[in-house]
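A closer look at the structure
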Amino acid sequence: MDVKILGWDTKGLRLPDWKINLDDNGGKKTSLIMMPSGMGKTTTLSLLRYSFCDYSKIIEKKDILALQRPKSKITKGEFNLNIKINNAKYRIKTIFDFSNKTLSYKTTDPESGQKDGLNLPEEIKKYLDQEYIEKTFFDLEVVQKLFESTSAIDSINKLYKLYYFNQIGNNLDTYLIKKQDESGSGKIDKKDLIELKHTRDKLLKKEKQLRNEYEINNKKFENLKINKSKYSKIINDIENSKKSIKDKIDQARENISLAKNDLKDSFDNFYTELKNPMLINKDFKKKLINFESNLNSLKIPESVGKAFFDDLIKSNQCLCGHAMTNKMKDKIIKNKESILSEDTWLILSVLKSKIKEDSGKEILDLSKSLSLIAKSKRNLNIEERKADEIVGGIDDKKYQDNVKKLNETNDQLNDLNKFFQKYLEAPSKQDTLEDNSINKIGNLLKITMDKINEATETGNISDKIKLIKDIFKDTENKSLNFITNDLVEKINKEIPRVMPFEKIFVKDIKDKIVLDGRDSASAGQLARIGYLFLITLLARPNFNFPFIVDSPVTGMDEISRSEIATTIATQLNNQYIGFVLPLERDYFADVLEENTKNKVNLLVAFDTFDDETKRLVKLAKQYSVDTREFVDGVVSVNNKDFFWNFTVSKG
Amino acid sequence: MQRFQYFKEKNGDQGFIGMSEVYEQIKYQKNSPTKMFSPIEDIMDIFYLSLIVGIKLNKKLDFNDPTYIKGGMTPNWTSGLKNTKDHLVALYISHIIEEKDKNYKNKPEIQKILNTKLGKDPTRSISDDGMVDIHSYAFAGYIEILKKINKKNIKDIDLFIFFSTINDIIQKN
């Protein structure tokens, strides 16, 4: 099964109404589409994703509205994709209704013509799901995630469909519940059984809700981490570019940091003082000293405790030698209620010794500590104002925006960390349904299920299901182990070629890709390993599907660019489409050309929505590009001179 | 009582600000520009401060009043209050004794109070009966703190205002 993209055209979207054709002649399987920043690379990538997998039920409304042309009254837009599947041509029309915020499809195939819906041949549907599409049409962030989160192992799980084991396990659990519900109350009261089942259902609901929340929060967390590093990098770059004020900023930050430490210390100090009830108020101190001394005067606690009287009641004669009568026993029982128990005796001794320890200490001056807080707050305000004046002087909206975004991201990360902490808390005896720990809820569920199994005599079925699930788990682990070992072996085989100067091998794929003998590597090195991972992971012997990458070599050095280009040209059998910025052209496009014997489509596309693009139109005209073909955009196909001389900067 | 309880809501009082809301507003948050200085790390800290205020003002309310909605907290004193617990329990028990026998005259009665109010578990040091008592003081103390802060909107409360209010109450004779 061979799938190839031939081109696409757009109408009524935030992109220009243009047509992109990828020349298929002579077996060209590689295309580079160069677009200036902000002119639709990511949007086109999303549109391509929507065309291969039915997003009509999963797309978010905001994602539909993001495709609408700003300030436009057009209510419908469309993206038409032309593809070839085993030499048969298909056209997929994706229609965006901006009024109703919906997405729909029409497919034209060689046999039945145009029909509603996304109707791709059944043979390729089994491969194409959202996960597969998002891995094959990706940007560099996906590669970065492979080394930072559970993304690598998640990808293997989803693409090899290992999660089926878990799904079957869940079905078995549902079967057990059905059996429990069908059985009579057996050993316990019917009302108690109903109560237990009610608890079970609530726990199952809670467990599901927690797992969903965890999955959503985990994704959020990974994205936030990537955003955080993006914002930090932009902030650092801007600060470093303005060296004259960098020192002032560093000094101001140092002062703020010191003032913050002071303020934190003064709050901590105040609360530490407040946490000594004996020394915060003279009445409290007097009360406690009175307590200790009065108990001493009263000889409380006494050396003889309740247990002594319990023993005395059991004996035949009193200490004085008289025979113990029932009347005497009754009297002792009554009076011993006012004698301290051993437990009270023990606690009281501790309380008294603590009071004695602090009785000689002075009362703390809380008001002084409070005024120190106020002073530290003032100092911090002054230092922050000074820093604001310096930073404000930068007059850079981008800088300010990113500082704001970074702060917001940090807050969100912090909240998520707390969620994860709670989520993983260990079970204890006091757990309730209100707990948000998956372990606690899982433990409560197990206890409840065991009780129901015993009552409904379904323990036998439960044991069998457990055995089957254990076998599944074992099979899943072994499969995962086999797949990861195979991937690691294949990746490492290619390492000497893609990293000729410094070889970095992959040790394992646990949750993320683990490097051999080092914690990390440069962005370019990681990207090269990431590409190898994805190419190896997505390779299917009977399924040749396009590989589309947004900004494939952004921020990489010359060696990394060249080696990635070589990998694409020599190792990738699939069609490759790269959306590149002009900055990514050198050491990438030329190496691709060289290694494919010039079988690369080189395209340039830009919109002409505003006046600032007039310069680009003028440049295109100089290289004989037809700038009138489309109303609001220019597309140049295989005009090599223009591709190599296209520049966005005014210089 | 299995766990310490916090004062969550008051039926029929829409404007009531619960302990958890105050806690969320002033608790430590590493990356919050205003909350990063906070030493408040657990909702039990709010409970503790409310309790000393309740004892100081000798205010108590009926813990079992059904209009008071409660939420569960920790089963034991938190690690942050590890060094506070013994003084606090002693303060509470001495307060109870003085309420009944100001001059410590009646030894059997005092021993009975100690037996009833102190717990068997040395980690908590307080009985179920004593737990109800300290909650009655803490909830009443919390209401006094809110009255004194006199803010209708939770957003108007910050850590400094909260601590200043506690300090004012504690220092006042």
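Here the structure is a predicted model, which means the values were calculated and not measured.

This part takes up the overall build of chain B. Summing up its helical and strand segments, chain B has six helices and two strands in all. When the helices and strands of chain B are listed from N to C terminus, the series reads β-α-α-β-α-α-α-α. Evaluated residue by residue, chain B yields a buried proportion of 40% over its 173 residues. For chain B, contacts bridging at least 24 residues in sequence account for 65% of all contacts bridging at least 6.

The next subject is the overall build of chain A. Scanning chain A for helices and strands turns up 22 helices and 14 strands. Considering chain A as a whole, with its 651 residues, one finds that 26% of them fall into the buried category. A fraction of 74% describes how many contacts in chain A between residues 6 or more apart in sequence connect residues 24 or more apart.

To continue, consider the interface of chain A and chain B. Facing the 46 residues of chain A at the interface are 46 residues of chain B. Elements with a contribution of two residues or more to the side of chain A that touches chain B: α9 (243-274), α10 (282-297), α13 (342-358), α14 (366-392) and α15 (397-423) of chain A. By residue number, the principal contributor to the side of chain A that touches chain B is α13(A), which donates nine residues.

Quick look at the packing of helix α8 (residues 190-241) of chain A against helix α16 (residues 438-456) of chain A now. Between two packed helices, the angle of one axis relative to the other and the distance separating the axes together describe the packing. Residue and element names in this part refer to chain A. Relative orientation of the contacting elements α8 and α16 amounts to 150 degrees, with a least axis distance of 9 Å. In terms of axis orientation, α8 runs roughly antiparallel to α16. For the element pair α8 and α16, the recorded crossing hand is left-handed. Here Leu193, Leu196, Lys197, Thr199, Arg200, Leu203, Leu204, Lys206, Glu207, Leu210, Arg211 and Tyr214 of α8 come into contact with α16, specifically with Ile438, Ile441, Gly442, Leu444, Leu445, Thr448, Met449, Lys451, Ile452 and Ala455.

With 81 residues, the main nonpolar core has A:Leu32, A:Ile33, A:Met34, A:Ile513, A:Phe533, A:Leu603 and A:Ala605 as its most contacted residues. Sorting elements by how many residues they give to this core places helix α18 (residues 523-538) of chain A first, with nine residues. Setting aside anything within four residues of it in sequence, one finds A:Ala605 in contact with A:Trp18, A:Ile20, A:Ile33, A:Met35, A:Gly633 and A:Val635. The next biggest cluster of nonpolar side chains, apart from the first, holds 64 residues, and it includes A:Tyr271, B:Phe7, B:Ile55 and B:Leu146.

Looking now at the sheet that holds strand β4 (residues 76-85) of chain A. Residue and element names in this part refer to chain A. Strand order in the open sheet made by the six strands is β2-β1-β4-β5-β6-β7, with antiparallel pairing throughout. Two strands in the sheet have a free side with no partner beyond their single neighbour: β2 (19-21) and β7 (113-116). On average, each strand axis in the sheet is tilted by 20 degrees relative to the strand beside it, whichever way the strands run. Note: strand β6 (residues 102-109) against β7, four bridges, orientation antiparallel. Residue pairing in the sheet places Thr107 in a bridge with Lys115 of β7.

Another aspect to go through is α18(A). Residues and elements named next belong to chain A. The end-to-end C-alpha distance of α18 is 22 Å, a good match for the 22 Å that 16 residues give at a rise of 1.5 Å each. Counting buried residues in α18 gives twelve out of 16 residues, a clear majority hidden from the surface. Every buried residue of α18 is listed here: Gln525, Leu526, Ala527, Arg528, Ile529, Gly530, Tyr531, Leu532, Phe533, Leu534, Ile535 and Leu537.

Residue and element names in this part refer to chain B. Averaged over chain B, the pLDDT score is 91; the fraction of residues at 70 or greater is 99%. Ranking the elements of chain B by mean pLDDT puts helix α4 (residues 107-117) last with 88 and helix α2 (residues 43-57) first with 96. Reported confidence for the predicted complex is 0.94 by ipTM and 0.53 by pTM.

Attention shifts here to the pairing of strand β9 (residues 506-509) of chain A. Pairing analysis gives three bridges linking β9(A) to strand β10 (residues 513-515) of chain A, with the strands arranged antiparallel. Within the sheet, the bridge partner assigned to A:Ile509 lies in β10(A) and is A:Ile513.

All names here are of chain B. Looking at the secondary structure, you find Lys152 in the loop between α5 (128-149) and α6 (159-171). Classification of Lys152 by C-beta neighbours within 10 Å gives exposed; the count is 9. Along the chain, Lys152 and Phe16 lie 136 residues apart, while their C-alpha atoms are 8.4 Å from each other.

For A:Lys101, which is not glycine, the phi dihedral falls at a positive 55 degrees. Note on A:Lys101: 15 C-beta atoms within 10 Å, which makes it partly exposed. Its identity as a non-glycine residue notwithstanding, B:Tyr104 has a phi of 50 degrees, on the positive side. You can see B:Tyr104 is positioned in the loop between α3 (85-100) and α4.

All names here are of chain A. One open sheet accounts for six strands, arranged β8-β11-β12-β3-β13-β14; its pairing is mixed. What marks the edges here is a single partner per strand, and that holds for β8 (137-139) and β14 (633-637). The average undirected angle you get between the axes of adjacent strands in this sheet is 15 degrees. Bridging between strand β3 (residues 30-34) and strand β13 (residues 600-607) involves five bridges; their strand directions are parallel. The partner of Thr30 across the bridge, within β13, is Val600.

We now examine the packing of α10(A) against α3(B). Two numbers describe how α10(A) lies on α3(B): the axes approach to 9 Å, and their chain directions differ by 80 degrees. In terms of orientation, α10(A) lies roughly perpendicular with respect to α3(B). Touching A:Phe284, A:Lys287, A:Leu288, A:Asn290 and A:Phe291 of α10(A) are B:Ala90, B:Leu91, B:Ser94, B:His95, B:Ile97 and B:Glu98, all from α3(B). Tallied by class, the residues present in the contact of α10(A) with α3(B) amount to six nonpolar, three polar and two charged.

Turning our eyes to something else, we now look at the pairing of strand β11 (residues 547-550) of chain A. Residues and elements named next belong to chain A. Neither face of β11 is exposed, since Phe547 and Val549 on one face and Ile548 and Asp550 on the opposite face are all buried. Alignment of β8 against β11, held across three bridges, turns out to be parallel. Bridging from a neighbouring strand, Phe138 pairs with Val549 of β11. The pairing of β11 with strand β12 (residues 576-580) spans four bridges and is classified as parallel. Considered in β12, the bridge of Asp550 is made with Phe579. Since β11 and β12 lie parallel, the crossover through helix α19 (residues 558-571) that links them has a hand, and here it is right-handed.

Turning our eyes to something else, we now look at the environment of A:Asp486. In this structure, A:Asp486 sits in helix α17 (residues 459-498). On the basis of neighbour counts, which here come to 11 C-beta atoms within 10 Å, the residue A:Asp486 falls in the exposed class.

With twelve residues, helix α1 (residues 41-52) of chain A extends 18 Å from end C-alpha to end C-alpha; this agrees with the ideal 16 Å at 1.5 Å per step. Of all the positions in α1(A), only A:Lys41, A:Thr44, A:Leu47, A:Leu48, A:Tyr50, A:Ser51 and A:Phe52 are classed as buried.

All names here are of chain B. When you line up the elements, Ala140 lands in helix α5. A count of 23 C-beta atoms within 10 Å places Ala140 in the buried class. In sequence terms Ala140 and Phe7 are 133 residues apart; their C-alpha atoms lie 9.8 Å from each other. Excluding anything up to four places from it in sequence, Ala140 contacts Gly54, Lys59, Lys60 and Leu61.

The rules behind these values
Residues numbered from 1 in each chain as written. Chains lettered and ligands numbered in written order. Predicted model: local features only at pLDDT ≥ 70, side-chain atom pairs only at ≥ 80, totals over all residues. Helix = DSSP H or I, 4+ residues; strand = E, 2+ residues; numbered from the N terminus. Buried ≥ 20, exposed ≤ 12 C-beta atoms within 10 Å, placed from the backbone. Contact = placed C-beta atoms within 7 Å. Axes fitted to C-alpha atoms, helices over the stretch in contact; angles between N-to-C directions. Parallel < 35°, antiparallel > 145°, perpendicular 65-115°, else oblique. Left-handed = near helix turned anticlockwise from the far one by under 90°. Core = buried A, V, L, I, M, F, W, Y, C linked by C-beta atoms within 7 Å. Pairing = 2+ DSSP bridges. Expected span 1.5 Å × (residues − 1). pLDDT = per-residue confidence, 0-100. Nonpolar A, V, L, I, M, F, W, Y, C, P; charged D, E, K, R; others polar. Right-handed = clockwise from strand over helix to strand, strands pointing away.

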